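Analysis of the macromolecular model
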Amino acid sequence: MKIDWNQFLDHTLNITMNENYGVVYGDERKGDQATFYEIVFKTGKLIGSFEEGLLLEAVREGRLLKIFVPYNSIKCVEIF
C-alpha cells in the first residue's frame, strides 16, 4: 500500500524502527569504550517525502537535525 506522505507534512511522526543500531563514543582520554545501542524510535517533524524514505527535522541538544529514514527501516508510524 502506498501512502501520500505529503498530506502529513509539518506533522510530528514517531517512527518505530526495524532493527537498526548506533554507536556512541565516550571520552577516549578516560578510556571509555564505544557503546552500541539499538535505535528503536525516530521522532521529528515530517519535512519531506521521497521515493526511498522520509525526511524528519528534530532538535537534539540545541542543534537542528535532519534525519532520513528509509522505508525499509520503518516498522510503524504514529502521526500527531
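So, a few notes on the structure that sits alongside this text.

Rules used throughout
- Residues numbered from 1 in each chain as written.
- Predicted model: local features only at pLDDT ≥ 70, side-chain atom pairs only at ≥ 80, totals over all residues.
- Heavy atoms only, no water.
- Core = buried A, V, L, I, M, F, W, Y, C linked by side-chain atoms within 4.5 Å.
- Buried < 20%, exposed > 50% of the residue type's maximum accessible area, 1.4 Å probe, protein only.
- Helix = DSSP H or I, 4+ residues; strand = E, 2+ residues; numbered from the N terminus.
- Contact = heavy atoms within 4.5 Å.
- Phe/Tyr/Trp six-rings, centres within 6.5 Å; stacked < 30°, edge-to-face > 60°.
- Pairing = 2+ DSSP bridges.
- Axes fitted to C-alpha atoms, helices over the stretch in contact; angles between N-to-C directions.
- Salt bridge = Lys/Arg side-chain N within 4 Å of Asp/Glu carboxyl O.

Core analysis: the biggest nonpolar cluster contains 12 residues, these being Trp 5, Leu 13, Ile 15, Met 17, Ile 39, Leu 46, Leu 54, Leu 56, Ala 58, Ile 67, Val 69 and Ile 74. For this core, the secondary-structure elements that each account for two or more residues are strand S1 (12-17), strand S5 (53-60) and strand S6 (63-70). Residues in contact with Leu 56, not counting those within four places in the same chain, are Leu 13, Ile 15, Lys 42, Thr 43, Gly 44, Lys 45, Leu 46, Ile 47, Leu 65, Lys 66, Ile 67 and Val 69.

Turning to the packing of aromatic side chains, a few remarks are in order. Applying the stated criterion across every chain, the model contains two aromatic pairs. On the numbers, 6.5 Å between centres and 50° between planes, the contact of Phe 50 with Phe 68 is tilted. Of the two residues, Phe 50 is situated in the loop between strand S4 (41-49) and S5 and Phe 68 in strand S6; the sequence distance between them amounts to 18 residues. Relative accessible area serves as the criterion here: at 41%, Phe 68 is assigned to the partly exposed category.

To continue, consider the sheet that holds S6. Within the open sheet, the five strands sit side by side as S6-S5-S4-S1-S7. Their pairing is antiparallel. Because the sheet does not close on itself, it has two edges, and the strands there are S6 and strand S7 (74-79). With strand direction ignored, the average angle separating the axes of adjacent strands in the sheet is 40°. Note that S4 and S5 share four bridges and pair antiparallel. Along S5, the bridge assignment pairs Gly 48 with Leu 55.

Right, let's talk about the side chain of Thr 16 for a bit. Among the structural elements, Thr 16 can be located in strand S1. Setting aside its immediate chain neighbours within four residues, Thr 16 contacts Val 40, Phe 41, Ser 73, Ile 74, Lys 75 and Cys 76.

The next point concerns the pattern of salt bridges. Overall, the coordinates contain one salt bridge when judged by the stated rule. The closest approach of N and O atoms between Lys 45 and Glu 57, which form a salt bridge, is 3.8 Å. Residue Lys 45 is located in strand S4, and its partner Glu 57 is located in strand S5; the two are separated by 12 residues in the primary sequence. Judged by relative accessible area, Lys 45 falls into the partly exposed class, the value being 31%.

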